[in-house]
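Chain residues, written in single-letter form:
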Amino acid sequence: MTGTFLLASPADLAARREVVAGPLAGLARSLEEDLSPLLAADRIVLPPEKARLTRTGGRCPVHGVLLAFDPLSPRAHTCPVCGDVFTSDDHYRWWIMNYQLWLAERCVHAAALAATRESAPCRDLAERILSACVSAYLHYPNKDNVLGPTRPFFSTYLESIWALQLAVALDLLEQSGATGALGAAVRSELLEPSLALICEYDEGASNRQVWNNAAMLAIATLLANDAVAERAIHGKAGLLAHLRDGLLADGAWYEGENYHQFAHRGLWYGVTMAERRGEPLPEALAERFAEAFAIPFATALPDFTSPARRDSQYGVSLRQWRYAESCELGLARRDDPRLSAALLELYRDDVAPGDTERARSTAEAERNAPAARLTRASLGWKSLLHAQPTLPDAPRARPTPASVHLAHQGFAVFRRRGGQVYAGLDYGVPGGGHGHPDRLNLWLVTGADRWLEDVGTGSYVDRSLFWYRSTLAHNAPLMNGTSQPYGAGVLRAWDEQGDAGWVEAEFEIVPGRARVTRRLIVMPGYLIDEVRWASADDTTFDLPMHVDPDEGPGTGWEPSTIAVTPGSGFEFLRGVERASGTSFDAFAATRAASSIRGWIQSDAACEWYRATAPGPPGEPPRRFIFSRWRGHEGRMRMVCAWDASVSAVRFTPETISLLAGGERHAHRAIGPAWHVRTQGVGAPVEIVLRGRASAPRPVSPAALEAVGTLPRHMLAAGRPFVMELAERHYRRSELPWAAAGAPEASLRVAAGREAVDIDVQVRKRDPVFAPPRRENLLDNEDPDINSDGLQLYLTLPDSQAQASWLLVPEEGGGVRIAARQVSGSVPAIGAEWRLTTDGYRVRIHLPRGSQGLGIDRHFMLNVVINEISRDRERRRGQLVATGATGEWVYLRGDREDPLRMLAFEIVDA
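Here we summarise the structure given alongside this text.

It is worth spelling out the sheet that holds strand β4 (residues 411-416) at this point. Spatial ordering of the open sheet is given by β3-β4-β5-β6-β7, a layout of 5 strands whose pairing is antiparallel. Only two strands of the sheet have a single partner each, and these edge strands are β3 (404-406) and β7 (449-452). Averaged over all pairs of adjacent strands, the angle between strand axes in this sheet comes to 15°, irrespective of strand direction. Both β4 and strand β5 (residues 421-426) contribute to a ladder of 6 bridges, which runs antiparallel. By the bridge assignment for β5, F414 is matched with A423.

Structure below.
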């Protein structure tokens, strides 16, 4: 370790003063202007309450968009769409989160100006903010959190971002002058207790752990805690692990575009601090980290926004100061023509001026802003310390966006018409917990018109989350009315020759039973989309297209209903209509700036449906169409044209032909290649697209494999299964098992002739049973998870039926039972309960018989016991029959791993 400084040494700061006084003087002046409200304030005010997450807080109830954040207006919050002002406590408690982060950023912002401009007012401001935070920190309760232990916030990663800003601010102040007793107080009364909380909660491969690591490394360096610093860099979920496993080989963060920028900024802190400690990256990881600066621009849409894949926010413009600063920080590390080209685009002077919202930015937990004109004076405080004095020579002209195949992500993008046409296939890695079941998702964007796309995700605490995370919300296939399973598609082919491009991929849509292959050929004025499916079972196959045609397809539209599988997305449909299809259909759709036409041929007639469902987040509901086939296999082929000259489309079993721009185009697959023959006034031209990949190996269903390996408990008359649940079964929140009152339980499973009885005796003081509630005001989980009560999970392996229930005791001896996830034929359960001297007892009956367990005698169970205390609004923890050592209750809702079960076999005498 070569020094105790974080991002810049005293020598670095001395050298930067000349740069900040010269080439970056405009940036320094604009940053100081951002601080003017605080520089003029008599005192720093911190709210006495901690931040709180609710379903309504921070969003307009009509338009669903985030309310504008004004750091000087804690009680009045304006909708940017309708202009209405909201004043409820839920909005205030959401404002607190933003304000705390905003204030911490202003602290490091002021400290950077103090260090590089030797500004006494900025130094005084930074010290006043630090002093206020020290005084308030330990008064915030570490309770009722959503995602990890924290005091001022509701999630650990937010505290990590906040504490990181304060740690860097303190370091910059100390590198440029003494802080006296304040430095010692910040260390002992804020950073040290905050570090203890952050170290408790390891989020593994999540983007959030990137920020936990950055905070741990910063604080550990200031506290000279080498053990924690070592963990933050070299630990199992440390900096190097995230660079190796979180960043894909092309530099993209595995969770998608939205989380790439967020995670990469956190990695920048970690890498920079590790280097300052004398621990440079291994060469391969340094290359991957450098690639990550450029990768966001590879998939940009024609309007220079980011595609909203997975849990991304919708319509995020790349013309934001954070993206410009990322390019500047990347160029400070090494010359990269891609970053110079991106800055040429970002610093265009023909973009309309607007508020960059930098003055209201909330540290690294960004709020995306509309596109605005940017200059180097728009950058942030990190550029004061690291941006080059002058930029390398940029290209004389902005390069034309080219097609790109991101094989490590599994996303192929074909660009036509100078980048104004964007067609693609998203087939690859799903993206961890933020991934969507949308393998083989089709994209088509022409200029500003988004015909087929992914609209990302809105609020995580609104019910609409379940729509955006369904397959039906995408232009991707699904079977049997249920969303796709979690998994990755397999590339079969990719090639591009001039203006002709081809990608083909395959996905196992029913593990071990059914596969779908999608082939996309993109030409200058049209694309060909071919979908094939094959199933070992008779199946229903749906193919959504999120477009609302003016004409076609199908004939005889009339009102209809459609079967709904809970959690499939179909429950969100309104105004469902059905039409008869044929083996050949056509449609046309028009927008303000362009139009498309489609010709569709399939091996068998289909049904067409149209319905209204949630639109992109923050926009009104939209109507879309989907086609439905039935059977064991099928093929659908579509020509979709954005060029009006495309006509005379004709399908034969082996070929597709059409007219385009006065030329005859003929397409066909021949062996491992796709052939395109064009015939105009001259000699015919043949294009051969190759690049066939090897066929994937069959994948056996993991769930059935796991069932066969589980130890099986034999149930015979008079021989019940008995288990005691205690500390090793406890899944905690803020409090570990002992501090949470050491709850315990006995589980007894017995088989009789008529039923299987599950007896649960819970031993805890003062159980709290929630009354019936129509909705959960905190988030989109079932409100009954925040109560003492049970979660029961049942699987019948032979029939593959599954179900889960929530059970909450009620006054009078009844038990409120809510079926949550039901698939296949499962028994209707019954239950009763009573109080005991040391807690309560619930007895559940699973009837045997023709519609119950008697089908196969084999069944699998998991029992989870929720527990809460009277001083909390969220549950405190859970006892889990299958064990929970080291696990946390956050974000689990009522979802459990289907492979973690107790397996039973009934042995009748």
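There is more to say, and it comes next.
As a general feature of sheets, a regular strand has side chains that alternate between the two faces. Strand β17 (residues 607-613) sits mainly inside the fold: 6 of its 7 residues count as buried. Here 5 bridges tie strand β14 (residues 574-580) to β17, and the two strands are oriented antiparallel to one another. Looking across to β17, one finds that A579 is bridged to W608. Inspection of the sheet shows β17 paired to strand β18 (residues 622-641) by 7 bridges, in the antiparallel sense. In the sheet register, A611 faces β18, and the bridge partner there is F624.

In spatial order, the strands read β25-β27-β28-β33-β32; together these 5 strands make up an open sheet with antiparallel pairing. In this open sheet, the two strands that pair with only one neighbour each are β25 (721-725) and β32 (830-836). Sheet twist, expressed as the mean angle between neighbouring strand axes with direction ignored, is 15°. Relative to strand β28 (residues 755-763), strand β27 (residues 744-751) is paired through 8 bridges, and the arrangement is antiparallel. Residue pairing for β28: S746 is matched across the bridge by Q761.

To continue, consider the nonpolar core. Within the largest apolar cluster, 129 residues are counted, with the highest numbers of intra-cluster contacts made by L7, L101, W162, L164, L243, Y269 and M273. Take this core: its biggest share by element is 18 residues, from helix α4 (residues 89-117). In this structure, L164 is in contact with W211, A214, A215, A218, Y269 and M273, ignoring residues within four places of it in sequence.

Here we take up the environment of V210. Mapped onto the elements, V210 comes out in helix α8 (residues 207-222). Relative accessible area serves as the criterion here: at 3%, V210 is assigned to the buried category. Note: C-alpha distance between V210 and T4 (206 residues apart in sequence) is 21 Å. In this structure V210 touches H242, W253, A263, G266 and L267, once residues within four positions along its chain are discounted.

Let us look at the pairing of β14. One ladder, built from 3 bridges, connects strand β13 (residues 555-559) with β14; its direction is antiparallel. Counterpart to T555 in the pairing with β14 is S580.

Another aspect to go through is the pattern of salt bridges. If you walk through the whole model with that rule in mind, you get 79 salt bridges. Between E203 and R208 there is a salt bridge; the shortest N-O distance is 2.8 Å. The burial state of E203 is the same as that of R208; both residues are buried. Here E530 ties to R519 by a salt bridge, and the two come within 3.1 Å at their closest N and O atoms. Taken together, the residues E530 in strand β12 (residues 526-545) and R519 in strand β11 (residues 514-522) connect sequence positions 11 residues apart. A relative accessible area of 10% means that R519 is categorised as buried. Here the salt bridges do not stand alone but share partners, grouping E257, R309, D426, D438 and R439 into one network.

This next bit is on the side chain of T517. Residue placement: T517 occurs in strand β11. Separated by 3.2 Å, the side chains of T517 and E506 make a polar contact. Those residues in contact with T517, other than ones at most four positions away along the chain, are E504, A505, E506, E530, V531 and R532.

Next up on the list: the side chain of R208. Mapped onto the fold, R208 is located in helix α8. The class of R208 is buried, set by a relative accessible area of 14%. Beyond its immediate stretch of four places on either side in the chain, R208 contacts L147, Y157, E203, H434 and L891.

What follows covers the packing of aromatic side chains. A complete count under the given rule lists 32 aromatic pairs for this structure. Plain terms: the ring middles of F153 and W162 are 6.0 Å apart, the flat faces sit at 70° to each other, and that makes the pair edge-to-face. Neither F153 nor W162 differs from the other in exposure class; each is buried. Chaining the aromatic ring pairs together yields one cluster made of W467, F570, F572, Y609, F624 and F626.

What counts, and where the lines are drawn
The numbering scheme is per chain: residues are counted from 1 as the chain's sequence reads. For a predicted model such as this one, the threshold for reporting local features is a pLDDT of at least 70, and the threshold for listing and counting side-chain atom pairs is 80 or more; totals across whole chains, interfaces and linings nevertheless cover every residue. Excluded from the side-chain calculation are hydrogens and water; included are all heavy atoms of the structure. For two strands to be treated as a pair, DSSP must find at least two bridges joining them. What counts as a helix is a DSSP run of H or I of at least four residues, what counts as a strand is a run of E of at least two, and both are numbered from the N terminus. Here an angle of 0 to 180 degrees is reported between the N-to-C directions of two axes, which are lines fitted to C-alpha atoms, with helices fitted over the stretch in contact. Burial classes: relative accessible area under 20% of the type maximum marks a residue as buried, over 50% as exposed, and values in between as partly exposed (1.4 Å probe, protein chains only). Grouping buried Ala, Val, Leu, Ile, Met, Phe, Trp, Tyr and Cys residues that are joined through side-chain atoms within 4.5 Å yields what is termed a nonpolar core. For this analysis, residues touch if any pair of their heavy atoms sits within 4.5 Å. Put simply, a salt bridge is a Lys or Arg side-chain nitrogen that is within 4 Å of an Asp or Glu carboxyl oxygen. Side-chain atoms alone can form a polar contact between residues adjacent in sequence; in general such a contact is a pair of N or O atoms within 3.5 Å, and within protein one must be able to donate a hydrogen while the other accepts it. Each Phe, Tyr or Trp ring, with Trp reduced to its six-membered ring, pairs with another whose centre is within 6.5 Å; inter-plane angles below 30 degrees give stacked pairs, above 60 give edge-to-face pairs, and intermediate values give tilted ones.

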